[in-house]
Amino acid sequence: DYPVLAFSFLLLIFFIFSIPAFAIDTGLIEERARKGASIGDVYTQFKDKITNIIEGRLDIATAGLYRGNVEKNRYESLGVYFGNIRAADPRFYTDEPITVWGTLRSKTYKDAVIINFSCYRWKDNKKIRADKIIPNIKFPIFTLEEIDTECTFIPKTENPVPAGANIVTFSAEYNFGTDAYLKTYFIDRERFRASAREGIDSLTQFGIKDKTPGSVSTNGPVEIGLGAGPLVTVSEGYVIKPTIGITLTNRKEIQDKDKRIITRWEGKIKNITELILLVPPGITLQNIDSCSKKESEEQAKCPCSMPFVPYDENKCKNTCKETVFNPCFDACIGGFTDKDIEYDAFGGISKGGARSRCIEECKTNSDNCEKECEFLFKTEDEKGKYTGYALDVGSLKFKDLNKDIDKHRSFVCRFDPSQSILDPTPITTRYFRVRSRYNYLLENSV
């Protein structure tokens, strides 16, 4: 039997090395002569090949979007934050201007970030806006930038600055977005009950080690928490339908993989501009149309704690224009003048100036947003599509709750999984996806 086992092992090694690595253009690989590989080399190559296969499968299992985008940006220092805030002088006199400087640092996730900077001092618990603010316009940021800011308070007889300690607050209101996903397990109810009657944990029975998968979201000022399951039983009918919970929480700090703090900030969620829930094929939110009804009896049938409406690829692309391109375009028009256009020797436009380049960046962001809409709904096996539902942010029921959210806001939806969601395997793994856009207010004082 030993020769047979040895030969089988060699065939296995040969098979693994013959599998092409994912996303490798073999036409660009240079062929070189090399010495015979040692046992250590074989092991290393074997391990790398297995890792590539696993990661490639994981990339497929999450349809690439979240494995590529969410995981990549899970520990990035995303968002807007102030640094090096300091006074121009160690002390001021009551009859001279007071100037405070700071640096506004930012790193975007996907969309252009439109920043509205301001600063003020406090008197009797009231805000007094600075007389000179730089920059004093809304301006867009597309990737990674640092902007020097300046605030000056001019002494006035009717509103003097009192002697002693005074507090100056730097403020930046901006738009941002966060993506998240949640891995959830599904099992046939009768199979689950059969295991439960014998006192067997289904996840343990079938070798599932990650028994309580947590939601994973991109970094930034707001964290998205998701909760469903982790093991959802599937049957033809439900007395009590399973739920998925969504919570947007204001972050106070960002940590890296080793739990070291990268950035701290003080801020709050001003309002939510978009919240999208994407459920895998085989899951629906029943009676979703009842959410938009005016009659209280019909509204009671709404499967969510707040009104949600159907959301598809076309609505996604319309959102790209409304929430990505239009605000960015307006900021470019308001922030730059026609003088930024460069002319050639004959009086013609040789190259667009800052305004033109800004608008081009807005267009690029919008185009990228539309491309994401095309694969946002795709599944791992290309045999079906995700179904989307959007929070009706303009509804009367949510309107009052969408003001100065501050720390957090939560939503719950009951969903219906059908038998079609199950694979032939005992336990099926699926992913819920959530995308959110919001306005955030950052404040730092000195």
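From a predicted model like this one, the values you see are computed outputs, not experimental measurements.

Draft legend 1. Seen up close, the overall build of the protein chain. Secondary structure assignment for the protein chain yields 9 helices and 23 strands. Pairs at least 24 residues apart make up 77% of the contacts formed inside the protein chain by residues separated by at least 6 positions. Accessible surface, the protein chain as shown: approximately 25,400 Å² in total, 52% of it carbon and sulfur.

Draft legend 2. Representation of the sheet that holds strand β1 (residues 79-87) in the model. With antiparallel pairing, the 4 strands of this open sheet are ordered in space as β1-β2-β7-β5. Looking at strand neighbours, the two that pair on one side only are β1 and β5 (132-134), the edges of this open sheet. The mean angle between the axes of side-by-side strands here comes to 15 degrees, regardless of whether they run parallel or antiparallel. Pairing geometry for β1 and strand β2 (residues 98-107), over 7 bridges, is antiparallel. Of the residues in β2, the one forming a bridge with tyrosine 81 is arginine 105.

Draft legend 3. Region of interest: the state of the cysteines. Tallying each qualifying case throughout the model produces 7 disulfides. Linked covalently through their sulfurs, cysteine 119 and cysteine 151 form a disulfide whose S-S length is 1.6 Å. The disulfide joining cysteine 119 to cysteine 151 has a torsion of about -115 degrees about its S-S bond and is therefore left-handed. Pair noted here: cysteine 119 is in strand β3 (residues 113-123) and cysteine 151 is in strand β7 (residues 144-153), with a separation of 32 residues, a long-range link. With a relative accessible area of 0%, cysteine 119 lands in the buried category. Residue cysteine 151 is classed as buried on the basis of its relative accessible area, which comes to 0%. The residue that forms a disulfide with cysteine 316 is cysteine 373, at a sulfur-sulfur distance of 2.0 Å. Between cysteine 316 and cysteine 373, the disulfide has an S-S torsion of -75 degrees and is therefore left-handed.

Draft legend 4. View of the packing of helix α7 (residues 313-335) against helix α8 (residues 354-376). It is at 9 Å that the axes of α7 and α8 come closest, and there the two elements cross at 165 degrees. When the axes of α7 and α8 are compared, the pair comes out roughly antiparallel. Here the hand of the crossing between α7 and α8 comes out right-handed. Between α7, through Glu313, Cys316, Lys317, Cys320, Val324, Phe325, Cys328, Phe329, Cys332 and Ile333, and α8, the contact on the second element is made entirely by Arg355, Cys358, Ile359, Cys362, Lys363, Asn365, Ser366, Cys369, Glu370, Cys373, Glu374 and Leu376. Of the residues in the contact of α7 with α8, the class split is 14 nonpolar, 2 polar and 6 charged.

Draft legend 5. Representation of the side chain of serine 106. Its place among the elements puts serine 106 in strand β2. If we ignore the near neighbours within four places in the chain, the residues touching serine 106 are Gly79, Val80, Ile141, Thr143, Leu144 and Glu145.

Draft legend 6. Spatial organisation of the pairing of β2. With 7 of 10 residues buried, β2 is to be regarded as a mostly interior element. Pairing geometry for β2 and β7, over 10 bridges, is antiparallel. Its bridge partner being in β7, isoleucine 98 is matched across the sheet by phenylalanine 153.

Draft legend 7. Highlighting the pattern of salt bridges. This model, assessed by the stated rule, comprises 20 salt bridges. The partner of lysine 317 in a salt bridge is glutamate 313, with the nearest N and O atoms 3.5 Å apart. Taken together, the residues span about one helical turn, with lysine 317 and glutamate 313 both in helix α7 at a distance of 4 residues. The class for glutamate 313 is partly exposed, based on a relative accessible area of 22%.

Draft legend 8. Molecular detail of unusual backbone geometry. The residue after isoleucine 134, namely proline 135, is reached through a cis peptide bond having omega 0 degrees. Cis rather than trans, the peptide bond between glycine 229 and proline 230 has omega equal to 15 degrees. Its place among the elements puts proline 230 in the loop between β10 (222-227) and β11 (231-234). For asparagine 84, which is not glycine, the phi torsion reads 55 degrees and is therefore positive. Of note, asparagine 84 is situated in strand β1. In this structure, asparagine 287 is a non-glycine residue whose phi angle is positive, near 60 degrees. Structurally, the position occupied by asparagine 287 is in the loop between β16 (283-284) and α6 (296-299).

Reading the values: rules and limits
- Residues numbered from 1 in each chain as written.
- Predicted model: local features only at pLDDT ≥ 70, side-chain atom pairs only at ≥ 80, totals over all residues.
- Heavy atoms only, no water.
- Helix = DSSP H or I, 4+ residues; strand = E, 2+ residues; numbered from the N terminus.
- Contact = heavy atoms within 4.5 Å.
- Areas by Shrake-Rupley, 256 points an atom, 1.4 Å probe, with all protein chains shown as cover.
- Pairing = 2+ DSSP bridges.
- Axes fitted to C-alpha atoms, helices over the stretch in contact; angles between N-to-C directions.
- Disulfide = S-S within 2.5 Å.
- Buried < 20%, exposed > 50% of the residue type's maximum accessible area, 1.4 Å probe, protein only.
- Parallel < 35°, antiparallel > 145°, perpendicular 65-115°, else oblique.
- Left-handed = near helix turned anticlockwise from the far one by under 90°.
- Nonpolar A, V, L, I, M, F, W, Y, C, P; charged D, E, K, R; others polar.
- Salt bridge = Lys/Arg side-chain N within 4 Å of Asp/Glu carboxyl O.

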